[in-house]
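Next come the chains, spelled out residue by residue.
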Amino acid sequence: MSVSDSRLVCAGCGALIDEREPRPFRCPRADELQLVDHVVRRELDLRGTTFPGATEGVGAGASRGEHADADADAGAGASRGEQLDSGAGDAPNPFIRYRTLLHSWRLARRHGLADADYVALVRDLDARVAAADDELAAAFGVGAPGRGFAQTPLRPADELGAALGMAPGALLIKDETGNVAGSHKARHLMGLALFLELSERALATPRADELAIASCGNAALAAAVLARALRRRLSVFIPTWADESVVHALHALGAQTHACPRRDDDPPGDPVTHAFRRAVLAGAVPFTCQGSENGLTIEGGQTLGWELAAQLDGRAADRLLIQVGGGALASAVVQGLDEARRLGALPRLPRLHCVQTEGGHPLERAWRQVAQDVAGHARGAAPDADAPADAWAGWLASPAAAGSVEAVLAAAPRQRERYMWAWEPAPRSLATGILDDETYDWLVLVQVMIATGGWPVVASEADIAEANELGRRASGLSVSATGSAGLAGLIGMRRVGTVAPDERTLLLFTGVR
């Protein structure tokens, strides 16, 4: 295969984005076709590509302050005939280990940048990330001081599993609390950072000095660390009630914050998002973890999916529960896992269960509407309207529904308003980090849940609180209520018996408390 086999495409309207477009973050037809669900996705031709070398398996990964062992497979993942830097095998850094699966690497290679130069650029940027993370640790007490990006651990959680009545070895947790800036968010933004650096170097794209994000939590902290490393200005749009300690940490890293009260002329939805979009229209780069605002943010997060597949070491998992707000994390992980499956690293995908709070669950609402539309198209044989979600999931994944599922999902990108709109009133929960009023990356998650026989789970506030207390006590991790919300979904599923005690179940603890 050729290293040129990657491209950016709008998943909603099919528009191909010119790779020389200096800001290929959003579909160029988004304003023209406003009712279409425009999300830019990168597509790779995987023919001839091998999956980068497996890690040490369950239990492997760098915890805070320590490095994973060196990758023994220098050059793993190369296309046939492609020569990679033989000195890059010391790659606990996922952006080196999995670089052949990154659009930014392929873009740089086909425009003449040597693999060794790509690796050197990643290492240089990562060193600056580590220095900025030291500053965050000093200001806020989170992050991975002095380390930069490294493989994060996947560990058995037998004590926690036992508390839920699960068999030894059945429950596994991927721990992101020791990641850069204390959460998975920095993975998404490192992918964007690399694209900016490489497009400016390989395509002579004008330097973009103004970055913008709408966040008052982990995403904002991650953006501030990456912007500091990039030596670019960052504007952070925050609600009026933002935590003062977070604002202090943002200022310590050189970010500018802008509190956003609701304006009388604001359209429905989040005033912080509206202010952020005005900044983007004025020229700022959307340096965000929302795939609908910048489709390239998904690729950085896919490193978690590839890494998870390698840690599973060829063994299938039965279920994957991921907490979902805007949806970028779940979208990135499942797309990464699916590419690993297509490359032979996994036998199959686990059933996907996206977990939302009872205070706001727009993705669950969209899934139910899709299910009803499939039933209407199929004209018979569907479960009763009030049947439990697992019954609907089983039917949606069955051959009897396949044709109708295909027809409904094919039409869904052009009917976004039928499935996804802002949740009202404003959602509330202890899990504040997943209170997006829309799930922006909703469609791919509905597609994967249906394809795998999974379904969305709405967690009660009682289960959100119990999950955080139990998760911290049993795992010893200082995880936030948002970061442990997937566990809240599992608590509810175990209560009603939809997860068997011996099913191999994956959770992600994604943010430090």
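In this text the structure is predicted, and so the values were computed from the model without any measurement.

1. Considerations on the environment of W455
Examined against the element boundaries, W455 turns out to sit in the loop between α15 (442-452) and β12 (457-459). As for W455 and E364, which are separated by 91 residues in sequence, their C-alpha atoms are 8.2 Å apart. Excluding residues within four positions of it along the chain, W455 makes contact with R319, R351, L352, H353, C354, W367, A389, D390, A393, M449, M493 and T498.

2. Let's talk about the pairing of strand β11 (residues 351-357)
Extensive coverage of β11 is indicated by the burial of six of its seven residues. Across five bridges, strand β10 (residues 319-323) lies against β11 in parallel orientation. Following the sheet pairing, R319 is matched in β11 by R351. Once you follow β10 into helix α10 (residues 328-342) and on to β11, the crossover reads as right-handed. The sheet contact formed by β11 and β12 spans three bridges and is parallel. Paired with T357 across the two strands is A459, which belongs to β12.

3. Quick look at the packing of aromatic side chains
Per the stated rule, a full pass over the model turns up six aromatic pairs. For the pair F51 and Y98, a centre-to-centre distance of 6.0 Å together with 45° between the ring planes defines the contact as tilted. Highlighted residues: F51 in the loop between β3 (40-44) and α1 (94-97) and Y98 in the loop between α1 and α2 (103-110), separated in sequence by 47 residues. By relative accessible area, which is 16% here, F51 ends up buried. For Y98, a relative accessible area of 1% translates into the label buried. Through a chain of ring-to-ring contacts, three or more aromatic side chains come together here, namely F51, Y98 and W306. If you follow R365 out to its NZ or CZ, it ends over the ring of W421, 3.8 Å from the centre.

4. A word on the domain arrangement of the protein
Think of interface size as the accessible area that goes away when the parts come together; that is how it is often given. What the domain assignment reports for the protein is domain 1 (119-142 + 182-286) and domain 2 (154-180 + 301-509). For domain 1 and domain 2, the distance between their C-alpha centres works out to 27 Å. Counting residues at the interface gives 14 residues for domain 1 and 14 residues for domain 2. Contact with domain 2 buries surface across domain 1, with H184, R187 and H188 losing the most and accounting together for 49% of the total. Counting every contact that joins domain 1 to domain 2 gives one salt bridge. Taking the shortest distance from any N to any O, the salt bridge between R187 and E307 comes out at 3.1 Å. Viewed at the interface, domain 2 and domain 1 are joined by four residue pairs in polar contact (both at pLDDT 80 or more).

5. Here's the deal with the sheet that holds strand β7 (residues 233-238)
On the basis of which strands lie adjacent, the open sheet formed by four strands has the order β8-β7-β6-β9 and parallel pairing. The sheet is open, and its two edges are formed by β8 (256-259) and β9 (285-286), each paired on a single side. Pairing of strand β6 (residues 210-214) with β9, which is carried by two bridges, proceeds in the parallel orientation. Across the sheet, residue L211 finds its bridge partner in β9, namely V285.

What counts, and where the lines are drawn
- Residues numbered from 1 in each chain as written.
- Predicted model: local features only at pLDDT ≥ 70, side-chain atom pairs only at ≥ 80, totals over all residues.
- Heavy atoms only, no water.
- Helix = DSSP H or I, 4+ residues; strand = E, 2+ residues; numbered from the N terminus.
- Contact = heavy atoms within 4.5 Å.
- Buried < 20%, exposed > 50% of the residue type's maximum accessible area, 1.4 Å probe, protein only.
- Pairing = 2+ DSSP bridges.
- Right-handed = clockwise from strand over helix to strand, strands pointing away.
- Phe/Tyr/Trp six-rings, centres within 6.5 Å; stacked < 30°, edge-to-face > 60°.
- Lys NZ or Arg CZ within 6 Å of the ring centre and 35° of its normal.
- Domains from an automatic or database assignment.
- Buried area = accessible area lost by both parts, 1.4 Å probe.
- Salt bridge = Lys/Arg side-chain N within 4 Å of Asp/Glu carboxyl O.
- Polar contact = N/O pair within 3.5 Å; in protein donor to acceptor, adjacent residues only side chain to side chain.

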